[in-house]
Amino acid sequence: MELSLHHRTEGDHTILDVGGEVDVYTAPKLRERLVELVGEGHYNLVVDMTKVEFLDSTGLGVLVGGLKRVRAHEGSLALVCNQERILKIFRITGLTKVFPIYDTLDEALQGQS
Amino acid sequence: MSGVELHVPPDVVYVGLARLVVTTAARKSGMDDGRIEDLKIAVSEATTNAILAHQRVDRDRPVVLMFGPREDQFEVVIQDTGPGFEPPLDQDPTDRDWAEEGGLGVTVIRGLTDGVDFIREGGTRVHMRFSVGLGSNGHGPR
């Protein structure tokens, strides 16, 4: 399954919906989108990964890159993820200590406001 | 290991295919769904590393995956002929330098497998073992 990316703005936040598979083949598209969004001034990002079917460390690396970019502008990058199979690699790599991760989009928007 | 050998061209477009083939074989061997997810990610990590290793030295030879059941385990060996690397030691995530992307693959593989060896021999051979969930289809002991 290919990667799907859609973004929208809600209040001060820009929500990026990610769906499908994020691996070494598709991750460059996610990286490009994050770079574009930050370049356009979207510094408070919520990446909704509810529809992600697969994510490996290449995808993790891209998210870390996105976090660095928004932090350079004193922004934030929160994740929405409630799938155990994906949360597991965040825990293994220690990235649960780096990203705020929420079960739902509403919680993420409240938590980041 | 009685199993299958898959030769993958060193192009990242094939990582998804490698995941699909190996996980299909593991499912037929009786691996349960939770363990399949671990296997899928570990295969993706090791195949990605192998393909990128070939690309770094302009090598057009395929990356070779060998996989199949062995006793109560499912084993996957991924062999490249790249320049080889020294697998990093596990780091405390709070000490890690997050300024760099990448380098997380080996940590993920170690966390998801029941055993892994990184062997430098004509490139890198990653030998991964998964010991849970085999046998429900009658192949091998539970």
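What counts and what doesn't
- Residues numbered from 1 in each chain as written.
- Chains lettered and ligands numbered in written order.
- Predicted model: local features only at pLDDT ≥ 70, side-chain atom pairs only at ≥ 80, totals over all residues.
- Helix = DSSP H or I, 4+ residues; strand = E, 2+ residues; numbered from the N terminus.
- Buried ≥ 20, exposed ≤ 12 C-beta atoms within 10 Å, placed from the backbone.
- Contact = placed C-beta atoms within 7 Å.
- Nonpolar A, V, L, I, M, F, W, Y, C, P; charged D, E, K, R; others polar.
- Axes fitted to C-alpha atoms, helices over the stretch in contact; angles between N-to-C directions.
- Left-handed = near helix turned anticlockwise from the far one by under 90°.
- Pairing = 2+ DSSP bridges.
- Right-handed = clockwise from strand over helix to strand, strands pointing away.

Enquirer: Sorry, what's going on with the overall build of chain B here?
Expert: Helix and strand counts for chain B stand at three helices and five strands. Put simply, chain B runs from its N terminus to its C terminus through helices and strands in the order β-α-α-β-β-α-β-β. The buried share of chain B, reckoned over its 142 residues, is 37%. For chain B, the proportion of contacts with a sequence separation of at least 24, taken over those separated by at least 6, is 69%.

Enquirer: Please explain the interface of chain B and chain A as it appears in this structure.
Expert: Interfaces are often sized by the accessible area lost when the parts come together. Chain B puts 21 residues into the contact, and the matching count from chain A is 20 residues. For the side of chain B that touches chain A, the leading source of residues is helix 2 (residues 33-56) of chain B, giving six residues. In the side of chain B that touches chain A, the residues fall into eight nonpolar, eight polar and five charged.

Enquirer: How do you make sense of the packing of helix 2 of chain B against helix 3 (residues 105-112) of chain B when you look at a structure like this?
Expert: Angle between the axes and distance between the axes are the two parameters that describe a pair of packed helices. All names here are of chain B. One can describe the packing of helix 2 onto helix 3 by two numbers: an axis separation of 9 Å at closest approach and a directional angle of 150°. The two elements helix 2 and helix 3 cross, and the hand of that crossing is left-handed. Note on element contacts: helix 3 touches helix 2 through Gly105, Val108, Ile109 and Leu112, opposite Asp38, Ile41, Ala42, Glu45, Ala46, Thr48 and Asn49. Here the residues of the contact of helix 2 with helix 3 are counted per class, giving six nonpolar, three polar and two charged.

Enquirer: Would you mind showing me how to read the sheet that holds strand 1 (residues 4-10) of chain A here?
Expert: For sheets, the rule is that strands pair by backbone hydrogen bonds, running either parallel or antiparallel. Within the open sheet, the five strands sit side by side as 1-2-3-4-5 (chain A). Their pairing is mixed. Both edges of this open sheet fall to strand 1 and strand 5 (101-102) of chain A, since each of them pairs with a single strand only.

Enquirer: What exactly am I supposed to notice about the environment of Val12 of chain B here?
Expert: Mapped onto the elements of the fold, Val12 of chain B is located in the loop between strand 1 (4-8) and helix 1 (15-28). Considered as a pair, Val12 of chain B and Lys28 of chain B are 16 residues apart in the sequence and their alpha carbons are 26 Å apart. With near-sequence residues (within four places) excluded, Val12 of chain B lies in contact with Val24 and Tyr25 of chain A together with Thr48 and Ile51 of chain B.

Enquirer: Would you mind going over the pairing of strand 2 (residues 63-70) of chain B with me for this structure?
Expert: Every regular strand shows the same layout, with side chains that alternate between the two sheet faces. All names here are of chain B. Relative to strand 2, strand 1 runs antiparallel, the two sharing five bridges. Its bridge partner lying in strand 2, Leu6 is registered against Leu65. Judged from the seven bridges that link them, strand 2 and strand 3 (residues 73-80) form a sheet pairing that is antiparallel. In the sheet register, Leu65 faces strand 3, and the bridge partner there is Ile78. Linkage of strand 2 to strand 3, two consecutive antiparallel strands, is achieved through a turn of two residues, within which Glu71 is found at a positive phi near 50°.

Enquirer: How should I be thinking about the sheet that holds strand 3 of chain B in this particular structure?
Expert: Residue and element names in this part refer to chain B. Ordered in space as 1-2-3-5-4, the five strands form an open sheet in which the pairing is antiparallel. Each having just a single partner strand, strand 1 and strand 4 (115-120) make up the two edges of the open sheet. Here the average twist between neighbouring strands, direction ignored, is 15°.

Enquirer: Can you help me understand the pairing of strand 3 (residues 44-55) of chain A in this one?
Expert: Residues and elements named next belong to chain A. The element strand 3 is extensively covered by neighbouring structure, given that nine of its 12 residues are classed as buried. Both strand 2 (residues 13-22) and strand 3 contribute to a ladder of eight bridges, which runs parallel. Counterpart to Glu21 in the pairing with strand 3 is Phe54. Each parallel crossover has a hand, and the one from strand 2 via helix 1 (residues 27-39) to strand 3 is right-handed. Taking the sense of rotation as the criterion, the β-α-β connection linking strand 3, helix 2 (residues 57-71) and strand 4 (residues 76-80) turns out right-handed.

Enquirer: Got a minute to help me understand the packing of helix 1 of chain B against helix 2 of chain B in this structure?
Expert: Residue and element names in this part refer to chain B. Running from N to C, helix 1 and helix 2 cross one another at 145°; their axes reach a closest spacing of 9 Å. Here the hand of the crossing between helix 1 and helix 2 comes out right-handed. Contact with helix 1, carried on its side by Val15, Ala18, Arg19, Val22, Thr23, Ala26 and Arg27, involves Ile36, Leu39, Lys40, Val43, Ser44, Thr47, Thr48 and Ile51 of helix 2 and no other residues of that element. Its residues assigned to classes, the contact of helix 1 with helix 2 comprises eight nonpolar, four polar and three charged.

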